[in-house]
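# Working through the structure, step by step
Spelled out from the first residue to the last, the chains are:
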Amino acid sequence: EFGDATQAKRAVRDISYSADGEFIGIAFSGGVISLWNCETKELEQLISAGTDIFSLDFVDDSQTVAAGTYGGAINYYSVTSGERIDSLVIDPGVVGDVAYLKSIDRLAAVTTAHRMHLVDAERHSVKAIATHSLTHGMLASSSDGTTLAVGSGDGSVKLLDVSMLQQPDVFWHDAHVRDVVFVNNGSHVACCTGDGTVCLWDVESGERSELLPASDR
């Protein structure tokens with residue numbers, strides 16, 4: 001049993017264990033995070049985040065705590081010092097849940113904008129996927145790290161193959177897409193739009209190239 005880290009009764013928002021089993025992190029209402037040593041059950045850090053915290057998980061080989069906030073940001077705190085070392089705003093509203101995906105070294109974060117972001121070690125949102133509706137969503141990673149479950153306010157739970165999450169699945173155009181076809185033995189998608197643009201997308205990398213008429217080359 002762990003003691004009352006806040007010296008006052010507060011609602012528990014989230015609990016997370018570090019991957020090495022050394023720490024347990026507890027997020028409380030009012031923006032307080034307590035970090036405990038699992039072996040000694042001693043309080044290691046008491047962090048006052050200065051903003052409401054909804055979720056947390058350990059990243060950077062359990063040296064950093066990533067916390068989802070009500071301000072639409074992911075805040076990063078040092079396990080050693082307790083200081084905030086970085087912050088990334090990914091969506092307006094609430095970052096409802098976060099989960100570190102070790103197999104691809106990405107932090108998954110779901111928001112009230114009904115999207116799941118994949119954030120890399122450099123604190124960049126490298127991909128956003130429409131995954132849930134009505135609420136901020138909830139996340140759970142399987143014990144072997146191969147599957148991610150996303151709970152939604154519409155009553156559904158989506159099971160996502162973690163190894164496929166970094167593959168591009170949405171290619172954005174600035175105008176209405178008139179037609180689309182796979183080319184080059186399926187390795188690329190060609191799309192034409194209402195503004196007269198024809199684009200070629202690499203299915204694996206997501207890279208876009210624009211096809212130009214011979215007179216414009």
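Data block above holds the structure.
Presented here is an overview of the structure given in this document.

Calculation criteria
Residues numbered from 1 in each chain as written. Predicted model: local features only at pLDDT ≥ 70, side-chain atom pairs only at ≥ 80, totals over all residues. Heavy atoms only, no water. 1 Å grid on protein atoms, 1.4 Å probe; cavity = no way out; pocket = protein on both sides within 12 Å on 5 of 7 lines; lining within 4 Å. Points joined across faces, edges and corners; volume = space filled by probe spheres on them. Helix = DSSP H or I, 4+ residues; strand = E, 2+ residues; numbered from the N terminus. Nonpolar A, V, L, I, M, F, W, Y, C, P; charged D, E, K, R; others polar. Pairing = 2+ DSSP bridges. Axes fitted to C-alpha atoms, helices over the stretch in contact; angles between N-to-C directions. Patch = residues over 30% accessible without salt bridge, like charges linked within 9 Å, V, L, I, M, F, W, Y side chains within 5 Å. Areas by Shrake-Rupley, 256 points an atom, 1.4 Å probe, with all protein chains shown as cover. Salt bridge = Lys/Arg side-chain N within 4 Å of Asp/Glu carboxyl O. Lys, Arg positive; Asp, Glu negative; His and termini not counted. Charge placed at Lys NZ, Arg CZ, Asp CG, Glu CD. Polar contact = N/O pair within 3.5 Å; in protein donor to acceptor, adjacent residues only side chain to side chain. Buried < 20%, exposed > 50% of the residue type's maximum accessible area, 1.4 Å probe, protein only.

## What to know about the layout of surface pockets
- Empty space within the largest pocket amounts to approximately 470 Å³.
- Looking at the largest pocket, it is lined by 28 residues, and the ones nearest its centre are Ser16, Asp57, Ala99, Tyr100 and Ser141.
- Of all the elements in the fold, those that place two or more residues in the lining of the largest pocket are strand S1 (12–17), strand S5 (53–59), strand S9 (95–101) and strand S13 (138–141).
- Tallied by class, the residues present in the lining of the largest pocket amount to 13 nonpolar, nine polar and six charged.

## Brief notes about the sheet that holds strand S10 (residues 106–111)
- Pairing is antiparallel across the open sheet formed by four strands, whose spatial order is S9-S10-S11-S12. Two strands in the sheet have a free side with no partner beyond their single neighbour: S9 and strand S12 (125–130). Strand-to-strand, the axes of this sheet are offset by a mean angle of 20 degrees, without reference to chain direction.
- Sheet analysis places S9 next to S10, joined by six bridges and oriented antiparallel. When the bridges of S10 are listed, Asp97 appears paired with Val110.

## A short note on a negative patch on the surface
- Together, Asp20, Glu22, Glu39, Glu42, Glu44, Asp61, Asp105 and Glu122 give the surface a local cluster of negative charge.
- Along the chain, Glu39 falls in the loop between strand S3 (32–37) and strand S4 (43–48).

## Comments concerning the sheet that holds S1
- Read across the open sheet, the four strands follow the order S1-S2-S3-S4; overall the sheet is antiparallel. Edge strands, defined here as strands with exactly one partner in the open sheet, are S1 and S4. Pairs of neighbouring strands in the sheet enclose a mean axial angle of 15 degrees, with direction left out of account.
- Examined bridge by bridge, strand S2 (residues 23–28) and S3 share six bridges and lie antiparallel to one another. Residue pairing across strands places Ile26 opposite Ser34, the latter belonging to S3.

## A few points about unusual backbone geometry
- Of note in this structure, Lys41 is not a glycine but carries a positive phi near 60 degrees.
- Secondary-structure assignment places Lys41 in the loop between S3 and S4.
- Within the chain, Asp60 stands out as a residue other than glycine whose phi angle is a positive 55 degrees.
- As for its placement among the helices and strands, Asp60 is situated in the loop between S5 and strand S6 (64–69).

## Digging into empty space enclosed by the protein
- Enumeration over the complete set of coordinates arrives at one cavity of 30 Å³ or more.
- A volume near 70 Å³ is recorded for the largest cavity.
- What lines the largest cavity is Val59, Asp60, Tyr76, Tyr100, Asp105, Arg106, Leu107, Val119, Asp120, Ala121 and Arg123.
- Per-class residue counts for the lining of the largest cavity are six nonpolar, no polar and five charged.

## Here we look at the side chain of Thr111
- Note on placement: Thr111 falls in strand S10.
- In this structure the side chain of Thr111 is engaged in a polar contact, spanning 2.8 Å, whose partner is the side chain of Asp91.

## Some thoughts on the pattern of salt bridges
- Taken as a whole, this structure holds four salt bridges when the rule is applied.
- Two residues, Arg123 and Asp86, come together in a salt bridge whose shortest N-O distance is 3.7 Å. In this pair, Arg123 sits in the loop between strand S11 (115–119) and S12 while Asp86 sits in strand S8 (residues 84–89), placing the two residues 37 residues apart along the sequence.
- Given the relative accessible area of 31%, Asp86 is considered partly exposed.
- When the shortest N-O distance is used, the salt bridge between Glu210 and Arg208 registers 3.5 Å.
- Classification of Glu210 by relative accessible area gives partly exposed; the value is 44%.
- Through salt bridges that share partners, Asp60, Asp86 and Arg123 make up one connected network.

Purely geometric stuff here, so don't read any function into it on its own.
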